[in-house]
Amino acid sequence: MIGRMQQSPQPDQAPSLHNLYPHLSSEELHLAEENLDRYVELTLRMYERIIGDPEAYAQFKALTASSRHPTMNSERSNEK
């Protein structure tokens, strides 16, 4: 489980849920931590599955490839 920090995080640490949501009760924070843990575990399983399957990895790369084209071809209206 992701531990709670009662003080401000160090510059190289992510803030705790308590720091992000100080208004939540202890029960709500506990539930949020459990939900976050499950989300991280699911994300890791998905990543491991995609990396372990060359076909799935190729599909992932194709779906996430950058194919952005500028949508604004004119000057910005808020520039002075």
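As shown above, the structure is provided for reference.
Presented here is an overview of the structure given in this document. Since the structure is predicted, the reported quantities are computational estimates derived from the model, not experimental observations.

## Details of the overall build of the protein chain
Within the protein chain, the secondary structure is distributed over three helices and zero strands. Order of helices (α) and strands (β) in the protein chain, N terminus to C terminus: α-α-α. Among the 80 residues that make up the protein chain, the fraction classed as buried is 9%. Residue pairs at least 24 apart in sequence account for 31% of intrachain contacts in the protein chain once pairs closer than 6 positions are excluded. Carbon together with sulfur atoms contributes 54% to the accessible area of the protein chain, which is approximately 7,500 Å² in total.

## Quick look at the packing of helix H2 (residues 26–52) against helix H3 (residues 54–64)
The N-to-C vectors of H2 and H3 enclose an angle of 110°; their axes lie 5 Å apart at closest approach. Of the possible angle classes, the one that applies to H2 and H3 is roughly perpendicular. In this structure, H2 uses Arg 49, Ile 50, Ile 51 and Gly 52 to contact H3, whose residues at the interface are Pro 54, Ala 56, Tyr 57 and Phe 60. Residues of the contact of H2 with H3, tallied by class, amount to six nonpolar, one polar and one charged.

## A word on a nonpolar patch on the surface
A cluster of nonpolar residues, Leu 44, Tyr 47, Ile 51, Tyr 57 and Phe 60, forms a patch on the protein surface that exposes about 490 Å² of accessible area. Contributing elements (two or more residues each) for the nonpolar patch: H2 and H3. Counting residues per element, the nonpolar patch draws most heavily on H2, at three residues. Tracing the sequence through the fold places Tyr 57 in helix H3.

## Side note on the environment of Leu 36
Within the secondary structure, Leu 36 sits in helix H2. Among the residues examined, Leu 36 registers a relative accessible area of 30% and is labelled partly exposed. Linking Leu 36 and Leu 17, residues 19 residues apart in sequence, is a C-alpha distance of 9.5 Å.

## Focus: H2
With 27 residues, H2 extends 39 Å from end C-alpha to end C-alpha; this agrees with the ideal 39 Å at 1.5 Å per step. Within H2, the full set of buried residues consists of Leu 29, Glu 33, Asp 37 and Ile 50. Against the buried residues of H2 lie helix H1 (17–20) and H3.

## Overview of the side chain of Ser 16
Here Ser 16 shows up in the segment before H1. Here the side chain of Ser 16 touches Asn 19 through a polar contact of 2.7 Å, side chain to side chain.

Calculation rules
Residues numbered from 1 in each chain as written. Predicted model: local features only at pLDDT ≥ 70, side-chain atom pairs only at ≥ 80, totals over all residues. Heavy atoms only, no water. Helix = DSSP H or I, 4+ residues; strand = E, 2+ residues; numbered from the N terminus. Buried < 20%, exposed > 50% of the residue type's maximum accessible area, 1.4 Å probe, protein only. Contact = heavy atoms within 4.5 Å. Areas by Shrake-Rupley, 256 points an atom, 1.4 Å probe, with all protein chains shown as cover. Axes fitted to C-alpha atoms, helices over the stretch in contact; angles between N-to-C directions. Parallel < 35°, antiparallel > 145°, perpendicular 65-115°, else oblique. Nonpolar A, V, L, I, M, F, W, Y, C, P; charged D, E, K, R; others polar. Patch = residues over 30% accessible without salt bridge, like charges linked within 9 Å, V, L, I, M, F, W, Y side chains within 5 Å. Salt bridge = Lys/Arg side-chain N within 4 Å of Asp/Glu carboxyl O. Expected span 1.5 Å × (residues − 1). Polar contact = N/O pair within 3.5 Å; in protein donor to acceptor, adjacent residues only side chain to side chain.

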